[in-house]
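Descriptive analysis of the structure
What follows is each chain in one-letter form.
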There are 2 protein chains.
Amino acid sequence: MKTAFRNVKEDIRNRILKGVWAPGDLLPNEVDLAIEFDCARATVNRAMRELADEGLVERKRKAGTRVRQAPLRQARFSIPIVRQEIEARGQIYRYALVDRNVVETPDWLRARLGGTATGQVLHLACVHFGDANPYQFEDRWINLAALPQAADADFNSLGPNEWLVATVPFSDAEISFSATTADARTARHLGCSEGDALFLAERTTWWEDQPITHVRLLFQRGYRMTTRY
Amino acid sequence: MKTAFRNVKEDIRNRILKGVWAPGDLLPNEVDLAIEFDCARATVNRAMRELADEGLVERKRKAGTRVRQAPLRQARFSIPIVRQEIEARGQIYRYALVDRNVVETPDWLRARLGGTATGQVLHLACVHFGDANPYQFEDRWINLAALPQAADADFNSLGPNEWLVATVPFSDAEISFSATTADARTARHLGCSEGDALFLAERTTWWEDQPITHVRLLFQRGYRMTTRY
DNA sequence: CAGTGGTCTAGACCACCCA
DNA sequence: GGGTGGTCTAGACCACTGC
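Described in the following lines is the structure provided in the data block. (Residues numbered from 1 in each chain as written. Chains lettered and ligands numbered in written order. Predicted model: local features only at pLDDT ≥ 70, side-chain atom pairs only at ≥ 80, totals over all residues. Heavy atoms only, no water.)

This brings us to the packing of helix α1 (residues 4-17) of chain A against helix α3 (residues 41-53) of chain A. All names here are of chain A. Close contact between α1 and α3 brings their axes to 8 Å; oriented N to C, the two are set at 50 degrees. Between α1 and α3, the angle falls in the class oblique. Considering only the axes of α1 and α3, their crossing is right-handed. Judged by residue contacts, Ala4, Phe5, Val8, Lys9, Ile12 and Arg13 of α1 engage Thr43, Arg46, Ala47, Met48, Glu50 and Leu51 from α3. (Axes fitted to C-alpha atoms, helices over the stretch in contact; angles between N-to-C directions. Helix = DSSP H or I, 4+ residues; strand = E, 2+ residues; numbered from the N terminus. Parallel < 35°, antiparallel > 145°, perpendicular 65-115°, else oblique. Left-handed = near helix turned anticlockwise from the far one by under 90°. Contact = heavy atoms within 4.5 Å.)

In structure tokens form, the structure reads like this:
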């Protein structure tokens, strides 16, 4: 019972959840709701806009506001930042660089980066530990055409992710999650068996249409990404 | 270049991305920004509030608005709804129930449901096809104490998810993603090999603290969940 | 065309919380 | 205490789009 728009929002949400307004039903328009709740239309608008953002209702000009058929179509996930994840578990974070070389952009990576990628990329492989246990294996490629200074950076003490965050902004990113099988190299670094099912996160970032970096993050067996909504 | 608050928002976002305002910097207050952009304070407020929602800035009363150290901490994912996913791929959706029985709630499930679960659950196993290819294997448990009518429902033609959506609302849900290995039964239903790495989504839903259902969704090999932000 | 949501304004009061 | 963001209002004009 604090702010007006929250009250309106909760009230309407409850009516939908309790079935007063069923999926597909048309809700009263903003003016009528404002009268009912004895508030300004802007207040109703704010409440309804947030409900629409959350996916509970669907709004169209002239057509009005309707309860969605399938409520809640999306959820927010926090993007994993490995150091914070490990420290949040009460473990000591440790990082190790295990490989570093400069190569011509492989074709599959060129396709991922969007075709505009040009020459060489810096390839880094590293392991993130929680206490003494390997937690995540990271395969990263950095576009040297966009970030030539990466060639001179020392990634032995500072992880590539933290270096990148401190060095370059990004305007666009794509992230995807999937399951994959541990190959021999990954199994060795993570201390698991070849063939184990691993959770894989891949992320590509751009700065004004120029590809910056692509990374494959392989999580230790049993990793779960969870959210409540 | 359409609405005022979008212009303000984009302008401020660009200044942050270009480094005019660096992480940790204090931004001008809303009144000053309103003067600069020649608009009402409410317009600036709307723009800033959305930037805060997106995680680009951090706002505190009296302290003002600051650029976040680690920009973009979360992304939104659409919750997979299997029929829509398959039809979006231009394939024909088909569903098959492969198993159905009533059992005492197993301990692991009781733990997942929150301890308040009581007696029996309806266990369903089904496969979702895209054209003729198995796309997803679903293992579902429905709390019969909360939904006794599920025992009489015919899940041969209508999938449990669609039945549930049409029958009962929910107020709370937890979803988690991980990787797992295909067991013999799953491999048989999905037409893959035992031991293949599969993407697993698990979801539990509650209605006013009463557990409704828990489901394990195993996706065909190669499934990827992607988002851009 | 006309109803609905989308946005904007100018002003106001308030809650919070740093100094 | 006082500055900042958080919210609310009453009214207005506009854009979209179903009818």
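Taken together, the contacts link 47 residues of chain A with 45 residues of chain B. Buried surface at the junction of chain A and chain B, summed over both partners, amounts to about 4300 Å²; 52% is from carbon and sulfur atoms. Considering only the surface of chain A that becomes buried against chain B, A:Arg76, A:Arg228 and A:Tyr229 emerge as the three largest contributors, covering 16% of it. One can count four salt bridges joining chain A with chain B. A salt bridge links B:Glu202 to A:Arg224; the shortest N-O distance between them is 2.7 Å. At the junction of chain A and chain B, the tally comes to ten residue pairs in polar contact (both at pLDDT 80 or more). Going through the elements one at a time, α3, β3 (74-78), β7 (172-181), β8 (197-207) and β10 (224-228) of chain A are the ones with two or more residues in the side of chain A that touches chain B. Of all the elements, β7(A) adds the most residues to the side of chain A that touches chain B, at ten residues. Class assignment of the residues belonging to the side of chain A that touches chain B gives a composition of 21 nonpolar, eleven polar and 15 charged. Of the strand pairs in this sheet, β3(A) and strand β3 (residues 74-78) of chain B are connected by five bridges, and their pairing is antiparallel. Across the sheet, residue A:Arg76 finds its bridge partner in β3(B), namely B:Arg76. (Buried area = accessible area lost by both parts, 1.4 Å probe. Salt bridge = Lys/Arg side-chain N within 4 Å of Asp/Glu carboxyl O. Polar contact = N/O pair within 3.5 Å; in protein donor to acceptor, adjacent residues only side chain to side chain. Nonpolar A, V, L, I, M, F, W, Y, C, P; charged D, E, K, R; others polar. Pairing = 2+ DSSP bridges.)

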